Amino acid sequence: MTGFFKVKPLDDVLGMTQLFSPVGIEELHIHDAFSRVLAKDLVAGEDLPGFRRSCMDGYAVNAASTFGASESGPAWLTLKGSIAMGDIPDFELAPGEAARISTGGMLPEGADAVVMVEHTEAVDEQSIEIYKSVAPLQHVIDVTEDFAKDQTVIEKGRLMRPQEIGLAAGLGHTRIRAYQVPRVGIISTGDEVIPVDKTPAPGRIRDINSYSLSALVTQAGGEPVRYGIVKDDPKALESMCKKALAHTDMVLLSGGSSVGTRDYTVEVLSNLPDTRILVHGISVSPGKPTILARSGHIPVWGLPGQVVSAMVVFQMVVTAFLHRLRGLSRPILQIKTPARLSRNLASSQGRRDFVRVVLEEDGQDLVARPILGKSGLIRTMVQADGLLEIGEHVEGLEKGSMVDIILLN
């Protein structure tokens, strides 16, 4: 029990992500790569696009042939041919010559720019007038303008979004090396917790946390594994923890992290082999009585039983550790929006507060209206559009202040 409720600042806890390592690596097809994290640099085996291609419908030209062209003094060019997308030109352009070209078409030798069709006028079948000059490479993608051969195009640790998948496909990479999806074991604890398909008697509650935490794990890129409900029995909890630790990459215990005569979480974790308590208390509200342990190489969390506390701690703390297990080299940024505070808001110094807020439109501004309610009221999260973070050294915020709201996905 050493260190019980010697709370740590949030930033210190977040810094502990470096104590853990990403999960294993697997090879997969790019069809299955969306939202996975690259485990090996992706290197271009060729130039992209590999040839000079037009960005516009118009005329391929040597830019020097258009210099000085204007509406009052157009340049006169001779048409040499026409190039459709996918064609390989079988001719070269000399100065004073042009070729019709479609968007995506390959420029012929001698051409280094494209004149937009709207800046030209056909004189006859062999000649055009150009009313606007172009610079070299204007309206053209050059041979290596996207990427050059042997260049690292996607770094290890990057999230594979649709654009990264498209790039891999464009370079012919049909398979990639990616970190596996972390498996997250979820255990609910407490004599008062019952399955969701049962009717609670007085003093009992349904197992909300298993389901809300499972959804949060999925949202953060993990695979939830629910282990059900464990009563307030240290031997049963220890057995279930060992089972979860043997088959998952992170374990979440919901409940049992507050002070109480039936609190077994710390004792159980301390009795597990190769396990060390890293944190027992974070200077945040809600969520102060949060436990973090390291069992071998696996993070184990004792989350508050209060549903709102558990959800806020997961979003603001646990998510960063899950991203570390996924192999992300840089965090996925929280999406924030500015809003005007609707009322005075008190805060206690020495802790970081996360206040649930509703966002409402008021003319040109968004207004953040705090939702007041205890951390056992799930309605405060259901109604919330975001969280207002109040720093440790701030006594409160005044009505009308502009604040940043962390949007809830």
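Use the structure listed above.
Here the structure is a predicted model, which means the values were calculated and not measured. (Residues numbered from 1 in each chain as written. Predicted model: local features only at pLDDT ≥ 70, side-chain atom pairs only at ≥ 80, totals over all residues. Heavy atoms only, no water.)

Enquirer: Teacher, can you tell me more about the overall build of the protein here?
Expert: Secondary structure assignment for the protein yields seven helices and 28 strands. Against the 2.2 N^0.38 benchmark of 22 Å for 409 residues, the protein shows a C-alpha radius of gyration of 30 Å, more extended than a compact globule. The dimensions of the protein, computed from C-alpha atoms along their principal axes, are 95 × 50 × 40 Å. In the protein, which comprises 409 residues, the proportion classed as buried is 45%. In the protein, of all internal contacts separated by at least 6 residues, the share reaching a separation of at least 24 is 72%. Accessible area for the protein stands at about 20200 Å²; split by element, carbon and sulfur atoms hold 50% of it. Charge-centre separation for the protein: the mean point of 41 positive side chains lies 14 Å from the mean point of 50 negative side chains. (Helix = DSSP H or I, 4+ residues; strand = E, 2+ residues; numbered from the N terminus. Rg over C-alpha atoms; globule rule 2.2 N^0.38 Å. Buried < 20%, exposed > 50% of the residue type's maximum accessible area, 1.4 Å probe, protein only. Contact = heavy atoms within 4.5 Å. Areas by Shrake-Rupley, 256 points an atom, 1.4 Å probe, with all protein chains shown as cover. Lys, Arg positive; Asp, Glu negative; His and termini not counted. Charge placed at Lys NZ, Arg CZ, Asp CG, Glu CD.)

Enquirer: What should I look at first to understand the environment of G376 in this one?
Expert: Summarising the element assignment, G376 is placed in the loop between β25 (365-370) and α7 (379-382). Ignoring any residue separated from it by four or fewer positions in sequence, one finds G376 in contact with Q306 and V307.

Enquirer: I tried to follow the sheet that holds strand β16 (residues 223-230) on my own but got confused; where do I start?
Expert: Pairing between the strands of a sheet comes from backbone hydrogen bonds, and it takes one of two forms, parallel or antiparallel. The strand order across the open sheet built from six strands is β16-β13-β17-β21-β20-β18, with neighbouring strands paired in mixed fashion. In this open sheet, the two strands that pair with only one neighbour each are β16 and β18 (275-280). Averaged over all neighbouring strand pairs, the angle between strand axes comes to 20°, with direction disregarded. Relative to strand β21 (residues 298-303), strand β17 (residues 250-254) runs parallel, the two sharing four bridges. Bridging from a neighbouring strand, S254 pairs with L303 of β21. (Pairing = 2+ DSSP bridges. Axes fitted to C-alpha atoms, helices over the stretch in contact; angles between N-to-C directions.)

Enquirer: I'm lost on the side chain of E392 in this one. Help?
Expert: With respect to the element layout, E392 can be found in the loop between β26 (386-390) and β27 (396-397). Separated by 3.0 Å, the side chains of E392 and R352 make a polar contact. If we skip the residues at most four places from it in the chain, E392 touches S348, Q349, G350, R351 and R352. (Polar contact = N/O pair within 3.5 Å; in protein donor to acceptor, adjacent residues only side chain to side chain.)

Enquirer: Is there a simple way to think about a nonpolar patch on the surface in this case?
Expert: A cluster of nonpolar side chains, namely I208, I378 and V382, defines an oily patch on the protein surface of about 250 Å² accessible area. Tracing the backbone through its elements, the reader meets I208 in helix α3 (residues 208-219). (Patch = residues over 30% accessible without salt bridge, like charges linked within 9 Å, V, L, I, M, F, W, Y side chains within 5 Å. Salt bridge = Lys/Arg side-chain N within 4 Å of Asp/Glu carboxyl O.)

Enquirer: Could you clarify how one ought to interpret the layout of surface pockets in this entry?
Expert: Over the atoms, a rolling probe the size of a water molecule traces out where space has been left empty. Roughly 900 Å³ of volume is contained in the largest pocket. Residue lining of the largest pocket: 38 residues in total, with Q315, T319, H323, I332 and Q334 positioned closest to the centre. Residue assignment for the lining of the largest pocket shows that the elements contributing at least two residues are α1 (10-14), α3, α6 (307-326), β24 (352-362), β26 and β28 (402-407). The biggest single contributor to the lining of the largest pocket is α6, with nine residues. Here the residues of the lining of the largest pocket sort into 20 nonpolar, twelve polar and six charged. (1 Å grid on protein atoms, 1.4 Å probe; cavity = no way out; pocket = protein on both sides within 12 Å on 5 of 7 lines; lining within 4 Å. Points joined across faces, edges and corners; volume = space filled by probe spheres on them. Nonpolar A, V, L, I, M, F, W, Y, C, P; charged D, E, K, R; others polar.)

Enquirer: Teacher, can you tell me more about unusual backbone geometry here?
Expert: Among all residues except glycine, the phi angle is most often negative; among peptide bonds, the trans geometry is most common. In this structure, P49 follows L48 across a cis peptide bond, with omega equal to 10°. Among the secondary structure elements, P49 is positioned in the loop between β2 (42-43) and β3 (53-54). Looking along the chain, the bond that leaves S285 and enters P286 is cis, with omega of 0°. Of note, P286 is situated in the loop between β19 (284-285) and β20 (291-295).

Enquirer: Sorry, what's going on with the nonpolar core here?
Expert: Soluble, globular proteins show a tendency: their nonpolar side chains are buried together. M250, L252, W301, F314, V317 and F321 are the most contacted members of the largest nonpolar core, which totals 45 residues. Every element with two or more residues in this core is listed here: α1, β13 (183-189), α3, β17, β18, β21, α6 and β24. The element best represented in this core is α6, accounting for 13 residues. In this structure, M250 is in contact with R183, V184, G185, I298, P299, W301, V318, F321, L322 and L325, ignoring residues within four places of it in sequence. Residues M240, L245, A293 and V300 belong to the second largest nonpolar core, which totals 19 residues. (Core = buried A, V, L, I, M, F, W, Y, C linked by side-chain atoms within 4.5 Å.)

Enquirer: How should empty space enclosed by the protein be read in this particular structure?
Expert: Enumeration over the complete set of coordinates arrives at one cavity of 30 Å³ or more. Its boundaries defined by the atoms lining it, the largest cavity holds a volume of some 40 Å³. In this structure, the largest cavity is lined by L10, V284, P286, V312, V313, M316, V317 and F354. If one sorts the elements of the lining of the largest cavity by residue count, α6 sits on top with four residues.

Enquirer: Looking at this structure, I do not really get the packing of aromatic side chains. What am I missing?
Expert: Note on aromatic pairs: each is described by the distance of the centres and the angle between the planes. What the rule picks out here adds up to two aromatic pairs. Ring geometry for F20 and F321: centres 6.0 Å apart, planes at 70°, overall edge-to-face. Of the two residues, F20 sits in the loop between α1 and β1 (25-29) while F321 sits in helix α6, which places them 301 residues apart along the sequence. An identical accessibility class is assigned to F20 and F321; each is buried. (Phe/Tyr/Trp six-rings, centres within 6.5 Å; stacked < 30°, edge-to-face > 60°.)

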